[in-house]
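Remarks on the overall topology
Listed below are the residues making up each chain.
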Amino acid sequence: MGLGPMGRAMASAFLGKGYRVAVWNRTAGKADELVDEGADRAATVHGALAASELVILSLTDHHAMYDVLESATEALSGRVLVNLSSDTPESARRAARWASGHGARYLTGGVQASPPGIGQSGVSTFYSGPKEVFDAHREALEVLTGADYRGEDPGLAALYYQVGMDLFWTTVLGWLHALALADAHGVSAEEILPSASSVLSGMPDFLTFYTQRIDAGEYPGDIERLAMGVASVDHVLQTAKDAGVDPSLPTAVLEIFRRGTAAAAGHADDSATSLIEVLKRPTA
């Protein structure tokens, strides 16, 4: 259910593997191409739910799931709902309770692929929910992507997905700010690419080195110190201001760094990774 680019890619992948697929979308015409490929067009939500025990949802968010299914809750009993729509961990937990209350079993999914990656090797989807339900339908789910089961808590797949999105979007924004800074000095994105790629290629080693220390709550300043980081970020901020580039991103970063070096936090001589203790606590 839900035939945007992702939903269409998923339905097409199932059809390509010989599965019988029933499709439904609020805009019926979006199913035309899939019907031409061999899919059955469900005239109603009830019809879509009746077509198979396994129901794949690809919608904007969990609110859209309620909008679609609230009119057909009596048809949910005995269904397995696999919700591949993006939303928060707590929303996933509420959705699982709602589905269970209507007699359905529920899996949350977090797809780590764009539509062209569906059905291709090398990509995967996080899943969480009842293990026996996941195991029973794993073969079908692996038609779409690799299946990475994270645990019984239905919120875990959404958590892993949102953690990835947190990292992805902040990285993209940092990259775009760097390109704006370069452009202000007449340097193109293509020219800066080798330098940017070099910085990012070193990140896996950085993460690996610090991960065990962070899990242990240890932030020794033996490699780098937060106080040095404050000076570095301030230089980025001043460079942006001098170039007439939007300074809001480095300003926000510098504010977090300064909170870490404040007397209350006392991390000036620790590693910049000590900022995780600042980020764990919301500002007043």
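In the block above lies the structure referred to throughout.
Below is a short write-up of the structure. Predicted model only: the values in this text are computed from it and were never measured. (Residues numbered from 1 in each chain as written. Predicted model: local features only at pLDDT ≥ 70, side-chain atom pairs only at ≥ 80, totals over all residues. Heavy atoms only, no water.)

1. As for the overall build of the chain
Definition in use: Only DSSP runs of H or I reaching four residues or more are called helices, and only runs of E reaching two or more are called strands; each is numbered from the N terminus. For each residue, the accessible area found with a 1.4 Å probe, counting protein chains only, is set against the maximum for its type, and the residue is called buried under 20%, exposed over 50%, and partly exposed in between. Residues count as neighbours in contact if any of their non-hydrogen atoms are within 4.5 Å of one another. Residues scored as charged are limited to Lys and Arg (positive) and Asp and Glu (negative), so that His and the chain ends carry no count. Where a charge lies is defined by one atom per residue type: Lys uses NZ, Arg uses CZ, Asp uses CG and Glu uses CD.
The number of helices and strands found in the chain is 12 helices and seven strands. On the principal axes, the C-alpha backbone points of the chain span a range of 60 × 40 × 30 Å. For the chain, buried positions account for 38% of its 284 residues. Of all intrachain contacts in the chain linking residues separated by at least 6 positions in sequence, the fraction that spans at least 24 positions is 63%. The chain carries 21 positive and 35 negative side-chain charges, and their two centres are separated by 5 Å.

2. Details of the sheet that holds strand β3 (residues 54-57)
This is how the line gets drawn: Any two strands are treated as partners once DSSP identifies two or more bridges connecting them. Inter-axis angles, ranging from 0 to 180 degrees, are taken between N-to-C directions of lines fitted to C-alpha atoms, where helices are fitted over the stretch in contact.
Judged by pairing direction, the sheet is mixed, and its five strands sit side by side in the order β3-β4-β5-β6-β7 without closing on themselves. Each of the sheet's edge strands pairs with one partner strand only, and the pair in question is β3 and β7 (146-151). Within this sheet the neighbouring strands show an average axis-to-axis angle of 25°, counted without direction. Pairing of strand β4 (residues 80-83) with strand β5 (residues 105-111) involves four bridges; the strand directions are parallel. Within β5, the position partnered with V80 by the bridge is R105. Set on the sheet, helix α7 (residues 155-183) makes contact with β5, β6 (124-128) and β7; between it and β6 the angle comes to about 145°.

3. Topic: the layout of surface pockets
This is how it is decided: Lining residues are defined by having an atom within 4 Å of a point belonging to a cavity or pocket. Those points lie on a 1 Å grid over the protein atoms alone, cavities being sets where a 1.4 Å probe fits but cannot get out and pockets being open sets with protein on both sides within 12 Å along at least five of seven lines. Grid points are joined across faces, edges and corners, and a volume is the space filled by probe spheres set on the points. Any residue that is not Ala, Val, Leu, Ile, Met, Phe, Trp, Tyr, Cys, Pro, Asp, Glu, Lys or Arg is counted as polar, Gly included; the first ten are nonpolar and the last four charged.
What the largest pocket holds in volume is close to 2,300 Å³. Along the wall of the largest pocket there are 42 residues; nearest its centre are L167, T170, T171, M203 and F206. Those elements that place two or more of their residues in the lining of the largest pocket are α7, α8 (189-201), α9 (203-215), α10 (226-243), α11 (248-261) and α12 (275-279). The biggest single contributor to the lining of the largest pocket is α7, with 14 residues. In terms of residue class, the lining of the largest pocket is built from 29 nonpolar, nine polar and four charged.

4. Examining the pattern of salt bridges
Which entries qualify depends on this criterion: Definition used for salt bridges: Asp or Glu carboxyl oxygen within 4 Å of a side-chain nitrogen of Lys or Arg.
Considering all chains together, one arrives at 14 salt bridges under this definition. Here E90 and R93 are joined by a salt bridge, their closest N and O atoms 3.4 Å apart. Taken together, the residues span about one helical turn, with E90 and R93 both in helix α5 (residues 89-101) at a distance of three residues. Residue classification places E90 among the partly exposed residues on the basis of a relative accessible area of 36%. Of the charged contacts in the structure, one is a salt bridge between E142 and R138, with a shortest N-O distance of 2.9 Å. On the basis of relative accessible area, E142 is assigned to the partly exposed category, the value being 39%. With a relative accessible area of 32%, R138 lands in the partly exposed category.

5. As for the nonpolar core
For clarity, the threshold we go by: Among the buried residues, those of types Ala, Val, Leu, Ile, Met, Phe, Trp, Tyr and Cys that are joined through side-chain atoms within 4.5 Å form a nonpolar core.
Counting 30 residues, the largest nonpolar core has M10, I56, V82, L84 and I118 as the members making the most contacts within it. Contributions of two or more residues to this core are made by α1 (5-16), β3, β4, β5, α6 (131-141) and β7. Take this core: its biggest share by element is seven residues, from α1. Beyond its immediate stretch of four places on either side in the chain, M10 contacts I56, S58, L84, V111, I118 and L144. With 21 residues, the next largest nonpolar core counts A48, V68, W98 and A104 among its residues.

6. Things to note about the packing of α7 against α8
Between two packed helices, both the angle of their axes relative to each other and the distance between the axes serve to describe the pair. Test applied: Geometric relationships in this document are graded by angle, where less than 35 degrees denotes roughly parallel, more than 145 denotes roughly antiparallel, 65 to 115 denotes roughly perpendicular, and other angles denote oblique. Here a crossing is taken to be left-handed if its near helix is turned anticlockwise relative to the far helix by less than a right angle, and right-handed if that turn runs clockwise.
The contact between α7 and α8 brings their axes to 10 Å, and the two run at 140°. Relative to α8, the element α7 lies oblique. Crossing of α7 over α8 shows right-handed handedness. Counted together, T171, W175, L179 and A182 of α7 and A189, I192, A196 and L200 of α8 form the full contact between these two elements. Residues belonging to the contact of α7 with α8 are distributed by class as follows: seven nonpolar, one polar and no charged.

7. Points about the environment of S77
With respect to the secondary-structure elements, S77 resides in the loop between α4 (62-69) and β4. When near neighbours in sequence (up to four residues on either side) are disregarded, S77 contacts H102 and G103.

8. Observations regarding the pairing of β3
Note the threshold: By convention, orient the strands away from the viewer: a clockwise path from the first strand over the helix to the second makes the crossover right-handed.
Here β3 shows no split at all, with L54 and I56 on one side and V55 and L57 on the other all buried. Two elements, β3 and β4, share four bridges in a ladder whose sense is parallel. Its bridge partner lying in β4, V55 is registered against L81. You can see the chain leave β3, run along α4 and come back into β4, and the turn it takes is right-handed.

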